[in-house]
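Geometric and topological summary
Listed here are the chains, written in short residue letters.
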Amino acid sequence: MAFRCVAAHAVTLFRLRGTPTVTTATAHNLWMPLARRFATAVEDAEAVLDGLHYAASHEWVKVNGNTGTVGISDHAQKELGDLVFVELPEEGSSFKQGEKLASVESVKAVSDIYAPISGIVSAINTRLSESPDLVNKSPYADGWLVKVEVANKGEIDSLMTPDAYRQHQAADSH
C-alpha cells in the first residue's frame, strides 16, 4: 500500500514538472528501492515510550502515585517471538527489585521477567491467561503484566530514562 502511494505521488510530481511520459510503472521502479529502505527502517524501529522507566533486562514500569504498572518492552517481546503462555504472580505477592516476577513462554523459549522495582502486587492482567499475545500486540497498553504498590520510589532513579533505554537497545543490538 505504501509503495503504491509513493509511486502515485512520484507520477504526479513528474507530470507537474512537465514530464508526461512517466508512467506509474516507471515511477514504481524509481521509488521502490527508497520505499523499501524506509519501510524496513520503520519496521526495525522499536517503540520506546516516554513517561516510562526501563530496566536493563527490558522490563518497564509506569508510576502513577504509589502504583506502578509493569510490563516488558517492545524490544523484549520482539526478541521473544509469539507468546503462548504468561505465568503471573498472585495478588499480594511481594518482590524486591531484580527478583523474578513472572515468566513468559514463547514459541522460542521460556523467559523470566524481573521486577524493575520493589513492591506488592496489587493487580494482575487476567486477560493474559486467555490472550498472552496481547503482550506482542500491545506491550505498553493491553499487554501490561502486573500493577504493584511501590515500596521504594527511590529505586525509580536506578532505572533508565527512555533516551537511555534507546541507547541501551542500540548497544545491545550491535
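Above this text you will find the structure in question.
We now turn to the structure provided with this report. (Residues numbered from 1 in each chain as written. Predicted model: local features only at pLDDT ≥ 70, side-chain atom pairs only at ≥ 80, totals over all residues. Heavy atoms only, no water.)

Re the sheet that holds strand E3 (residues 67–72)
- Ordered by their spatial adjacency, six strands build an open sheet running E1-E2-E3-E9-E8-E5, and the pairing between neighbours is antiparallel. Unpaired on one side and paired on the other, strand E1 (53–54) and strand E5 (94–95) mark the two borders of the sheet. (Pairing = 2+ DSSP bridges. Helix = DSSP H or I, 4+ residues; strand = E, 2+ residues; numbered from the N terminus.)

Quick word on unusual backbone geometry
- Its identity is not glycine, yet His58 carries a phi of approximately 80°, on the positive side.
- Examined against the element boundaries, His58 turns out to sit in the loop between E1 and strand E2 (59–64).

Digging into the nonpolar core
- In terms of nonpolar packing, the biggest core is built from 25 residues, with Ile72, Leu101, Ile117, Leu145 and Val146 touching the most fellow members.
- Going through the elements one at a time, E3, helix H3 (74–80), strand E4 (83–87), strand E6 (100–106), helix H5 (134–137) and strand E9 (146–150) are the ones with two or more residues in this core.
- For Leu101, the contacting residues outside a window of four places in its chain are Val70, Pro89, Phe95, Ile113, Tyr114, Ala115, Val121 and Val146.
- With eight residues, the next largest nonpolar core counts Val48, Tyr54, Trp60 and Tyr165 among its residues. (Core = buried A, V, L, I, M, F, W, Y, C linked by side-chain atoms within 4.5 Å. Buried < 20%, exposed > 50% of the residue type's maximum accessible area, 1.4 Å probe, protein only. Contact = heavy atoms within 4.5 Å.)

Quick notes on the sheet that holds E6
- Read across the sheet, three strands follow the order E4-E6-E7 without closing on themselves; strand pairing throughout is antiparallel. In the strand order of this sheet, the two ends are held by E4 and strand E7 (110–114), each with one partner. The mean inter-strand angle of the sheet, taken between neighbouring strand axes irrespective of direction, is 25°.
- Judged from the five bridges that link them, E6 and E7 form a sheet pairing that is antiparallel. Its bridge partner being in E7, Ser103 is matched across the sheet by Asp112. (Axes fitted to C-alpha atoms, helices over the stretch in contact; angles between N-to-C directions.)

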